Amino acid sequence: MLHDNPPLIGVAMSKKHYTNSGVKENRSFSINIPTSDMVVVTDYCGLHSGSDVDKSKEFEIFYGDLETAPMINECGVNIECKLINIKEFKNTELFIGEIVEIYSDEIYVTDNKPDVKKFDSFICLMPNGPYWKIGEYLAEAYEVGTSYKPKS
Ligand SMILES: Cc1cc2nc3c(=O)[nH]c(=O)nc-3n(C[C@H](O)[C@H](O)[C@H](O)COP(=O)(O)O)c2cc1C
């Protein structure tokens, strides 16, 4: 997150990527969080450019309120964003988007919130991996630190 109200999120991508032109054209983008059983197709998407293959054929695609940001139905959570700004660096572009909606399948939700345990996702340790599943529940944020006794 870059900002809370309005909720802004940033995604940095190499200038060479095919995705960048689509984001600029549509003035929107989506962030799709895959479940761990999608690790093979996720890696495939990282290995091939949309300029060579149509990766959308690998998924069931849906559109939300903006009607321009394709999202992946198989993913546990989809974050739909309106493009607000682009910050240019030497080799990358940082796309700043305002979150307009978050979508999640009922089976991944507990008490109206995405349930990390249920959608069982993974992360990639940069720069070369490997992929690791997201682990166990640890503690309540904004709360667990209240019991800490400072040394001084
Ligand atoms: C494990 C993995 C991690 C990656 N991480 C990034 C990244 O953080 N930033 C980036 O710009 N590209 C990253 N890439 C490379 C792009 O996903 C890749 O170049 C892809 O083909 C770009 O697709 P596009 O041309 O359809 O946009 C990663 C690839 C893999 C396999």
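Our structure is the block above this text.
Computed from a predicted structure; not experimentally measured.

This part takes up the layout of surface pockets. Gaps between atoms show up when a probe of the same size as a water molecule is rolled over them. Its volume calculated, the largest pocket comes out at about 2100 Å³. Lining the largest pocket are 48 residues, and of these M13, T19, S30, C45 and K55 sit closest to its centre. Put simply, the parts of the chain that give the lining of the largest pocket at least two residues each are strand 1 (8–14), helix 1 (18–26), strand 2 (28–33), helix 2 (39–47), strand 4 (71–72) and strand 9 (122–124). Here the lining of the largest pocket is composed, by residue class, of 28 nonpolar, 16 polar and four charged. Each pocket or cavity is described by its volume, and for the second largest pocket that value is around 310 Å³. Here the lining of the second largest pocket is composed, by residue class, of five nonpolar, two polar and six charged.

Inspection of the region around the ligand gives 15 residues, with H17, Y18, T19, S49 and G50 positioned closest. Residue K55 places a side-chain N or O atom 3.0 Å away from an oxygen atom belonging to the ligand. Judged by the proximity of its atoms to the pocket grid, the ligand belongs to the largest pocket. Looking at the shell around the ligand, the elements that each hand over two or more residues are strand 1, helix 1 and helix 2.

Cut-offs and rules
Residues numbered from 1 in each chain as written. Predicted model: local features only at pLDDT ≥ 70, side-chain atom pairs only at ≥ 80, totals over all residues. Heavy atoms only, no water. 1 Å grid on protein atoms, 1.4 Å probe; cavity = no way out; pocket = protein on both sides within 12 Å on 5 of 7 lines; lining within 4 Å. Points joined across faces, edges and corners; volume = space filled by probe spheres on them. Helix = DSSP H or I, 4+ residues; strand = E, 2+ residues; numbered from the N terminus. Nonpolar A, V, L, I, M, F, W, Y, C, P; charged D, E, K, R; others polar. Near = heavy atom within 4 Å. Polar contact = N/O pair within 3.5 Å; in protein donor to acceptor, adjacent residues only side chain to side chain. Sits in = over half its atoms within 2 Å of the grid points.

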